[in-house]
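What the coordinates show
Single-letter residue listing:
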Amino acid sequence: SIELDLTVFDTENFRPIKGSIVVENLKEPDKKYQGKMVNDGIYAISLPIGHEYMVKGTSVGFDDNQFNFNLTGDVIFSRFERSLALTPVRRVFEIVIADAETQEGVAAEVLITNLNREEVIIFSAQDIKDGKITAMLREGDQYEFTVRGAQGYSFFNQVVDLQTQETSEIKAELVSLRAATSIRLNNINFNTNSAELSSESFPELNRVVQLIFDNPNIIIEIAAHTDNVGSASLNKLLSDRRAQSVVSYLLDNGVPQERIVAKGYGLTSPMVPNTSEENRALNRRVEFKILDVLEN
């Protein structure tokens, strides 16, 4: 017998792949050998000489690949090294970018980040025609879509799991930044009865920082809201502290003091009735509101 060391890798980024390796005797299909992974993407298989084999590699999210391995005739070496490249399965995915009010297509920059591996896809505003763009995304991976609107528009952010989502489209509705416009911020989280921001809040707040830099004529209010658990006075105090915590983060990242204010609303402005835990979670939120749009 000989020892076969097989390296399985991704055709696009050359990273090792975990999967399944099966070797089949071409003349005796019932005789099959399983590859044993000894390192990331490296499999060891012991095969009797005197036969011809088909080596097949499979992995979730990749097309299968195979090659023939001939051990008939004279075999000089006792160890062989081979490689097997697997091509990721990709899905055509469409991103639609529209004005939230008119539903007309608008220009924007789109950043698509693969959360499972090192892959980033970037589209400039010039790449987007009539508010639409398509990307080839890996099946089974999670992607974060960040749409940065042109001056005068909000941003959009959403995570899509292509393992569970069957549709192949998302719609990014961008809100026009006008006086009295309010936009809810996603993933702004605090511990219970705390005003300390969690680290998972930072990406969304960084997008707010960029929005303010891109629109130097807007004055905004950071508004914090609570559910109805506890007294009104304590909820008002907690929301004040949370709003100020967000403002402090923005100031630390270069936002001018004169362009931003903090205000806590406590339990006075719920989005939905506080009749369930799900509704209370919706009411515990942070928004930014356009107070004024300066002409100069």
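The following paragraphs examine the structure supplied in this document. Just so you know, these numbers come straight off a predicted model, no measurement behind them. (Residues numbered from 1 in each chain as written. Predicted model: local features only at pLDDT ≥ 70, side-chain atom pairs only at ≥ 80, totals over all residues. Heavy atoms only, no water.)

1. Focus: the overall build of the chain
Looking only at helices and strands, the chain has three helices and 19 strands in total. The C-alpha atoms of the chain give 27 Å as radius of gyration, which overshoots the globular expectation for 296 residues (19 Å, by more than 25%). Dimensions of the chain, computed from C-alpha atoms along their principal axes, come out at roughly 85 × 45 × 35 Å. The buried share of the chain, reckoned over its 296 residues, is 40%. By sequence separation, contacts in the chain at least 24 residues apart represent 65% of the contacts at least 6 residues apart. (Helix = DSSP H or I, 4+ residues; strand = E, 2+ residues; numbered from the N terminus. Rg over C-alpha atoms; globule rule 2.2 N^0.38 Å. Buried < 20%, exposed > 50% of the residue type's maximum accessible area, 1.4 Å probe, protein only. Contact = heavy atoms within 4.5 Å.)

2. Remarks on the nonpolar core
Ranked by size, the top nonpolar core spans 26 residues in total, and within it Ile 222, Val 246, Leu 250 and Phe 288 carry the most contacts. Not counting chain neighbours up to four residues away, the residues in contact with Val 246 comprise Ile 188, Phe 190, Leu 197, Leu 205, Ile 222 and Val 286. Within the second largest apolar cluster, 23 residues are counted, among which are Phe 145, Tyr 153, Phe 156 and Leu 174. (Core = buried A, V, L, I, M, F, W, Y, C linked by side-chain atoms within 4.5 Å.)

3. Regarding helix α2 (residues 232-252)
In an α-helix, one turn spans 3.6 residues, which is why side chains three or four residues apart end up on the same side. Taking 1.5 Å of rise per residue, the 21 residues of α2 would be expected to cover 30 Å, and the 30 Å separating its terminal C-alpha atoms lies within 8% of that figure. Buried residues of α2: Asn 235, Leu 238, Ser 239, Arg 242, Ala 243, Ser 245, Val 246, Val 247, Tyr 249 and Leu 250, and no others. Buried-residue contacts for α2 involve α1 (202-214), β17 (218-225), β18 (260-266) and β19 (285-293). Just beyond α2, the residue with positive phi is Gly 254, at close to 100°. (Expected span 1.5 Å × (residues − 1).)

4. Re the packing of aromatic side chains
Taken as a whole, this structure holds six aromatic pairs when the rule is applied. Between Tyr 33 and Tyr 53, the aromatic rings sit 6.0 Å apart at their centres with planes inclined by 80°, giving edge-to-face as the arrangement. With Tyr 33 in strand β3 (residues 32-34) and Tyr 53 in strand β6 (residues 52-58), the pair connects residues that are 20 residues apart, well separated along the chain. Every member of this aromatic cluster is reached through a ring pair, and the members are Phe 69, Phe 77 and Phe 80. (Phe/Tyr/Trp six-rings, centres within 6.5 Å; stacked < 30°, edge-to-face > 60°.)

5. A short note on the side chain of Arg 285
The residue Arg 285 is located in strand β19 in this model. Not counting chain neighbours up to four residues away, the residues in contact with Arg 285 comprise Arg 184, Ala 223, Ala 224, His 225, Ser 269, Pro 270 and Met 271.

6. Things to note about the sheet that holds strand β15 (residues 169-174)
The mixed open sheet is built from three strands, whose spatial order is β12-β9-β15. At either end of the open sheet lies a strand with only one pairing partner, and these are β12 (132-138) and β15. Ignoring which end each strand starts from, the neighbouring axes of this sheet average 25° apart. Strand direction decides the pairing type here: strand β9 (residues 90-99) and β12, joined by seven bridges, are antiparallel. Looking at the pairing, Arg 91 lines up with Leu 137 of β12. (Pairing = 2+ DSSP bridges. Axes fitted to C-alpha atoms, helices over the stretch in contact; angles between N-to-C directions.)

7. What about the sheet that holds strand β7 (residues 65-70)?
Pairing within the open sheet is antiparallel, and its four strands lie in the order β3-β2-β6-β7. Either end of the sheet is taken by a strand with one partner, and the two such strands are β3 and β7. Neighbour-to-neighbour, the strand axes of this sheet turn through a mean angle of 20°, independent of strand direction. Pairing of strand β2 (residues 20-25) with β3 involves three bridges; the strand directions are antiparallel. Its bridge partner being in β3, Val 22 is matched across the sheet by Gln 34.

8. Quick word on the pairing of strand β1 (residues 2-10)
Here β1 runs beside strand β5 (residues 42-47); their pairing, made up of six bridges, is antiparallel. Note on β5: the bridge partner recorded for Leu 4 is Ile 45.

9. Things to note about a nonpolar patch on the surface
On the surface, Leu 111, Val 120 and Ile 122 cluster together into a nonpolar patch covering about 280 Å² of accessible area. Given the relative accessible area of 62%, Ile 122 is considered exposed. (Patch = residues over 30% accessible without salt bridge, like charges linked within 9 Å, V, L, I, M, F, W, Y side chains within 5 Å. Areas by Shrake-Rupley, 256 points an atom, 1.4 Å probe, with all protein chains shown as cover. Salt bridge = Lys/Arg side-chain N within 4 Å of Asp/Glu carboxyl O.)

10. Side note on the packing of α1 against α2
Where α1 meets α2, the axes come as close as 10 Å, and the angle between the chain directions of the two elements is 60°. Put simply, α1 runs oblique to α2. In this structure, α1 crosses over α2, and the sense of that crossing is right-handed. Residue-level contacts link Phe 202, Leu 205, Asn 206, Val 208, Val 209 and Ile 212 of α1 to Val 246, Tyr 249 and Leu 250 of α2. The class makeup of the residues in the contact of α1 with α2 is eight nonpolar, one polar and no charged. (Parallel < 35°, antiparallel > 145°, perpendicular 65-115°, else oblique. Left-handed = near helix turned anticlockwise from the far one by under 90°. Nonpolar A, V, L, I, M, F, W, Y, C, P; charged D, E, K, R; others polar.)

11. Description of the pattern of salt bridges
If you walk through the whole model with that rule in mind, you get 21 salt bridges. The salt bridge involving Arg 90 is made with Glu 12; its shortest N-O contact spans 2.6 Å. With Arg 90 in strand β9 and Glu 12 in the loop between β1 and β2, this pair connects stretches of sequence that are 78 residues apart. Measuring nitrogen to oxygen at the nearest pair gives 2.7 Å for the salt bridge that ties Arg 15 to Glu 118.

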